[in-house]
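Inside the fold
The chain contents come next:
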Amino acid sequence: VQLQASGGGLVQPGGSLRLPCVASGLSFDEYAIGWFRQAPGKEREFVTTITWTGGNTYYTDSVKGRFTISRDVAKNTVNLEMNSLKPEDTAVYYCAAARWINTARPGTPSYYDYWGQGTQVTVSS
């Protein structure tokens with residue numbers, strides 16, 4: 001199984017980015033796909049996840065209304081659309097796949113079996 005995250009870069013505050021996560025070696029309809037991020041000197045934190053049916057999405061409070069996660073099953077890709085970016089969104093963003101999650105705690109890292117290599121997002125003027 002491989003997860004390939006990309007799309008990171010430098011963007012000004014208020015700008016937008018889209019991060020695709022392409023999966024190989026697994027079927028999207030059997031996994032929940034999530035995004036986490038880690039800023040310098042901080043612990044990795046949950047951002048969002050989408051369930052294997054694609055019907056349920058979960059977001060951490062700080063990104064609600066600004067970030068959107070979606071799936072393209074035909075392309076085995078999960079996209080993270082990030083709008084109204086803030087300097088505090090600066091981090092390395094990772095995508096991860098979970099065979100099962102407790103939907104009451106979707107951001108628990110131990111649920112996620114596979115992790116991508118990360119892509120850097122920097123929000124700065």
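Higher on the page you've got the structure.
These lines cover the structure that appears in this document, whether it is placed above or below. The model shown is predicted, which means the values in this text are computed figures rather than measured ones. (Residues numbered from 1 in each chain as written. Predicted model: local features only at pLDDT ≥ 70, side-chain atom pairs only at ≥ 80, totals over all residues. Heavy atoms only, no water.)

1. Describing the overall build of the chain
Tallying secondary structure elements over the chain gives zero helices and 11 strands in all. Rg of the C-alpha trace for the chain: 13 Å, near the compact-globule value of 14 Å for 125 residues, within the 12% margin. For the chain, the spread of C-alpha atoms along the principal axes amounts to about 40 × 30 × 25 Å. With 125 residues in all, the chain has 44% of them scored as buried. Of the contacts made within the chain by residues no fewer than 6 positions apart, 56% connect residues no fewer than 24 positions apart. Carbon together with sulfur atoms contributes 45% to the accessible area of the chain, which is approximately 6200 Å² in total. The positive charge centre, built from 11 side chains, and the negative charge centre, built from 10, are 2 Å apart in the chain. (Helix = DSSP H or I, 4+ residues; strand = E, 2+ residues; numbered from the N terminus. Rg over C-alpha atoms; globule rule 2.2 N^0.38 Å. Buried < 20%, exposed > 50% of the residue type's maximum accessible area, 1.4 Å probe, protein only. Contact = heavy atoms within 4.5 Å. Areas by Shrake-Rupley, 256 points an atom, 1.4 Å probe, with all protein chains shown as cover. Lys, Arg positive; Asp, Glu negative; His and termini not counted. Charge placed at Lys NZ, Arg CZ, Asp CG, Glu CD.)

2. A look at the packing of aromatic side chains
In this description, a pair of aromatic rings is defined by centroid distance and the angle of the planes. Within the structure shown, the criterion is met by six aromatic pairs. Taking 5.4 Å as the distance between ring centres and 75° as the angle between the ring planes, the aromatic pair formed by W100 and Y111 counts as edge-to-face. Of the two residues, W100 sits in the loop between β9 (91-98) and β10 (114-115) while Y111 sits in the loop between β9 and β10, which places them 11 residues apart along the sequence. In textbook terms, an aromatic cluster arises when at least three aromatic residues are bridged by ring pairs, as seen for F36, F46, Y112 and W115. Sitting above the plane of the Y94 ring, R44 keeps its charged end 4.1 Å from the centroid. (Phe/Tyr/Trp six-rings, centres within 6.5 Å; stacked < 30°, edge-to-face > 60°. Lys NZ or Arg CZ within 6 Å of the ring centre and 35° of its normal.)

3. Side note on the nonpolar core
Counting residues in hydrophobic clusters, the biggest one holds 28 residues, and the most contacted among them are W35, F67, M82 and Y93. Counting only elements with at least two residues in this core, the list comes to β1 (2-5), β3 (17-24), β4 (32-38), β5 (45-50), β7 (67-72), β8 (77-82), β9 and β11 (119-123). The contacts of Y93, once residues within four sequence positions are left out, are A5, L19, W35, F36, R37, V47, F67, L80, M82, G118, T119 and V121. (Core = buried A, V, L, I, M, F, W, Y, C linked by side-chain atoms within 4.5 Å.)

Distances and angles like these do not, on their own, reveal function.
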